[in-house]
Amino acid sequence: AYAWANGDIDYFEEKYLELQDKSEILYKAFHRMKSDRNAHMINKIFYHLKSKRPTMLLVGASQLPGEEGLLKILKSKGFTIKQL
């Protein structure tokens with residue numbers, strides 16, 4: 001709860017990578033699910049962000065870290081990420 005409340009994305013990245021050490025099969029399944037979900041979600045997120053209307057997006061903490069995480073995808077598309 002502490003990491004989530006403080007926006008500690010590095011903690012979530014660390015836990016995600018620990019999964020790889022514990023179970024390669026589980027890691028690959030989770031990675032695939034996360035990548036597929038983020039690829040699907042990002043189009044909806046872009047739609048709302050481009051609407052120029054105030055928008056609140058709620059996603060699970062596991063969707064944020066990593067190379068295929070929503071934060072990196074948004075940054076790569078020119079969005080500025082600011083933790084509040």
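Since we're looking at a predicted model, the values are computed, not measured. (Residues numbered from 1 in each chain as written. Predicted model: local features only at pLDDT ≥ 70, side-chain atom pairs only at ≥ 80, totals over all residues. Heavy atoms only, no water.)

Trainee: Teacher, can you tell me more about the overall build of the protein chain here?
Mentor: If you tally the helices and strands in the protein chain, you get four helices and zero strands. Helices (α) and strands (β) of the protein chain occur, in sequence order from the N terminus, as α-α-α-α. Judged by the C-alpha coordinates and their principal axes, the protein chain covers about 45 × 25 × 20 Å. The 84 residues of the protein chain split such that 23% are buried. (Helix = DSSP H or I, 4+ residues; strand = E, 2+ residues; numbered from the N terminus. Buried < 20%, exposed > 50% of the residue type's maximum accessible area, 1.4 Å probe, protein only.)

Trainee: Explain the side chain of Gln63 here, please?
Mentor: Relative to the elements of secondary structure, Gln63 occurs in the loop between helix 3 (24-50) and helix 4 (70-76). Classification of Gln63 as buried rests on a relative accessible area of 2%. Setting aside chain neighbours within four positions, we find Gln63 in contact with Lys34, Arg37, Asn38, Met41, Gly69 and Leu70. (Contact = heavy atoms within 4.5 Å.)

Trainee: Would you mind going over the environment of Asn6 with me for this structure?
Mentor: Counting through the fold element by element, Asn6 comes out in the loop between helix 1 (2-5) and helix 2 (9-22). Distance from Asn6 to Ser23, taken between C-alpha atoms, is 28 Å for residues 17 residues apart in sequence.

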